[in-house]
Protein chains: 2
Amino acid sequence: MKKIERVCAITHILTEHPNRDYSLGSFAESFGCARSSISEDIKLIKKAMEEGGLGYLETSAGVKGGVRYVPFISDAEAAKVLNELKEAFEEPDRVLGSGFLYTSDILFSPRLAKGAARIFARRFAGAGADMVVTKETKGIGVALFTAELLGLPLAVLRRGSRVSEGSTVSVNYVSGSTERIQQMSLSKRAVRSGSRCIIIDDIMRGGGSVKGIEDMLSEFDAAAVGIGVVVVAGGMGGKKIGDYLPLLLMSEDEDKKLRMDINPELLAKQFRP
Amino acid sequence: MKKIERVCAITHILTEHPNRDYSLGSFAESFGCARSSISEDIKLIKKAMEEGGLGYLETSAGVKGGVRYVPFISDAEAAKVLNELKEAFEEPDRVLGSGFLYTSDILFSPRLAKGAARIFARRFAGAGADMVVTKETKGIGVALFTAELLGLPLAVLRRGSRVSEGSTVSVNYVSGSTERIQQMSLSKRAVRSGSRCIIIDDIMRGGGSVKGIEDMLSEFDAAAVGIGVVVVAGGMGGKKIGDYLPLLLMSEDEDKKLRMDINPELLAKQFRP
């Protein structure tokens, strides 16, 4: 196999499996070449990725020397994703008669959900998190891609209590959409004591549901080290929770028309890890 | 930028965005080189990917000439994924007092869910599908990754009816886990008439819930062109639906101990597209 083909194959494998460790020895074995050749390939891929703003390769030296791919999204790419999201949410026929916004197709679009996840993964890459947590149902797509990009497991809080979750912990929260008290549960097996969690949710109004997830985590002696929401309604202040990162701010303009703004903090390029 | 670095960058971009079209012209522009150089790079990547069993590059010629990456999982990789899944499901402490199996951590593990999705994506790549459909909640992970790999949108059927889905269609189905009649709904906006759908679900017992999804699709004048389930219980026959692809077969051995077998059809390497 020629060097350039090997570089292509290794780039592909690393990209497909973000934040997974590969030993140089295993690559050397698969490609039937010396470990030193793989080491040179990795240097080259690292340079190409980093110069192109495509991601980082973290390498460790020594006998057990290995490599992992850490995803990255450049400012330019992030701006493209944010504009795509903004335009999708702003489509006029999304406003339902009930005043709600139809968002399922956006939030389960692999392309858009992954785009949002890439921004969250960049922001929370340095948070030292052990897992990603979300609440069913519409945040699951973005949360799952965020977990994938960060190489972390995902736990999903369920509405009510589900028999297939075994023993669960339940908490009550005030849903922003219905303004009623609702219950959600999480399997006792889902979160280890002391876990550092990234909370991802789709839409935040009062912050009640994210606050509910935080309450749940404290029942597990776990805590949030990052909170990402795709859309926040009614301005960023006055929520039931502290620091969080929204991608889009939803409001109404003077004519009561829906308005989506990109979180200015993200456009100010202040979201480096 | 040197050729080898360009090849690395293009490989990375194509791998990150399966089944998305890229024009050679846009690559030439980003990398500041001639279109003919990009064309050579693509040929090289195509060769390396195809010889390594890593995926295919589909190219189109002419002025609008473009390229897309079509994922593939080799027989050897698929066998590895299937064994990993089997071992995870077989862990003895998964069996709950209720007789149910705790599976949320497996089904929301990005690594395991994506592994399962890669096998479904390979099997259904040639089905000419327009979208992937699943039912909340635990099938969403595998369904989303399958949709991503095939470059398709995902629609998620909801339990009961949700106000944020707008006008919905509802169907009743008999749940295999509770043996009760349950209702699920889907937004009228979610599926276009005539759509060809791939149904993905986590666990199938009697087939009632997949049958319910099929009934739902027929309400939209849509139809299933492929059905994938991660685990089927109680043997492959006698279900309420026709042809489907399970990854694992769940049964009890003589001592009433849980047993998981890999679908023999998959080990017989008969799952080429």
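From a predicted model like this one, the values you see are computed outputs, not experimental measurements.

Caption draft 1: Examining helix α7 (residues 140-150) of chain B more closely. Residues and elements named next belong to chain B. Among the 11 residues that make up α7, 11 are buried, leaving the element largely enclosed by the rest of the structure. Buried residues of α7: I140, G141, V142, A143, L144, F145, T146, A147, E148, L149 and L150, and no others. A positive backbone phi angle near 70 degrees is found at G151, which sits one or two residues after α7.

Caption draft 2: Representation of the packing of helix α4 (residues 75-90) of chain B against helix α6 (residues 110-124) of chain B in the model. Residue and element names in this part refer to chain B. It is at 10 Å that the axes of α4 and α6 come closest, and there the two elements cross at 135 degrees. Viewed along their axes, α4 and α6 adopt a mutual orientation that is oblique. Once α4 is placed against α6, the crossing between them reads as left-handed. Counted together, A78, V81, E84, L85 and A88 of α4 and L112, G115, A116, R118 and I119 of α6 form the full contact between these two elements. Tallied by class, residues from the contact of α4 with α6 come to seven nonpolar, one polar and two charged.

Caption draft 3: Seen up close, the relation of the copies chain B and chain A. Under the fitted operation, chain B is carried onto chain A by 0.0 Å of movement along the axis and a turn of 180 degrees, and the coordinates agree to an RMSD of 0.0 Å. Here the two chains are linked by the operation of a two-fold rotation axis. Take the interface residues of chain B: 100% of them recur as interface residues in chain A, which is what a same-surface contact looks like.

Caption draft 4: Spatial organisation of the nonpolar core. Counting residues in hydrophobic clusters, the biggest one holds 150 residues, and the most contacted among them are A116 and V132 of chain A together with A116 and V132 of chain B. If we skip the residues at most four places from it in the chain, V132 of chain A touches A143, T146, A147, L150, L152, L154, C197, I198 and I200 of chain A.

Caption draft 5: Just the sheet that holds strand β11 (residues 258-262) of chain B, in detail. Residues and elements named next belong to chain B. Reading across the sheet, the eight strands line up as β6-β7-β5-β4-β8-β9-β10-β11 and stay open at both edges, with mixed pairing between neighbours. Each edge of the sheet is formed by a strand with only one pairing partner; in this case those strands are β6 (168-174) and β11. Taken over all neighbouring pairs, the strand axes of this sheet differ in orientation by 25 degrees on average, direction set aside. Alignment of strand β5 (residues 154-159) against strand β7 (residues 181-187), held across two bridges, turns out to be antiparallel. Each bridged residue has a counterpart across the sheet, and for R159 the counterpart in β7 is M184. Lying over the sheet, α7 contacts β4 (131-135), β5, β8 (196-204) and β9 (223-233), oriented at roughly 180 degrees with respect to β4. Lying on the sheet, helix α8 (residues 208-219) is in contact with β4, β5, β6, β7, β8 and β9; it crosses β6 at an angle near 150 degrees.

The rules behind these values
- Residues numbered from 1 in each chain as written.
- Chains lettered and ligands numbered in written order.
- Predicted model: local features only at pLDDT ≥ 70, side-chain atom pairs only at ≥ 80, totals over all residues.
- Buried ≥ 20, exposed ≤ 12 C-beta atoms within 10 Å, placed from the backbone.
- Helix = DSSP H or I, 4+ residues; strand = E, 2+ residues; numbered from the N terminus.
- Axes fitted to C-alpha atoms, helices over the stretch in contact; angles between N-to-C directions.
- Parallel < 35°, antiparallel > 145°, perpendicular 65-115°, else oblique.
- Left-handed = near helix turned anticlockwise from the far one by under 90°.
- Contact = placed C-beta atoms within 7 Å.
- Nonpolar A, V, L, I, M, F, W, Y, C, P; charged D, E, K, R; others polar.
- Least-squares fit on C-alpha atoms with pLDDT ≥ 70 in both.
- Core = buried A, V, L, I, M, F, W, Y, C linked by C-beta atoms within 7 Å.
- Pairing = 2+ DSSP bridges.

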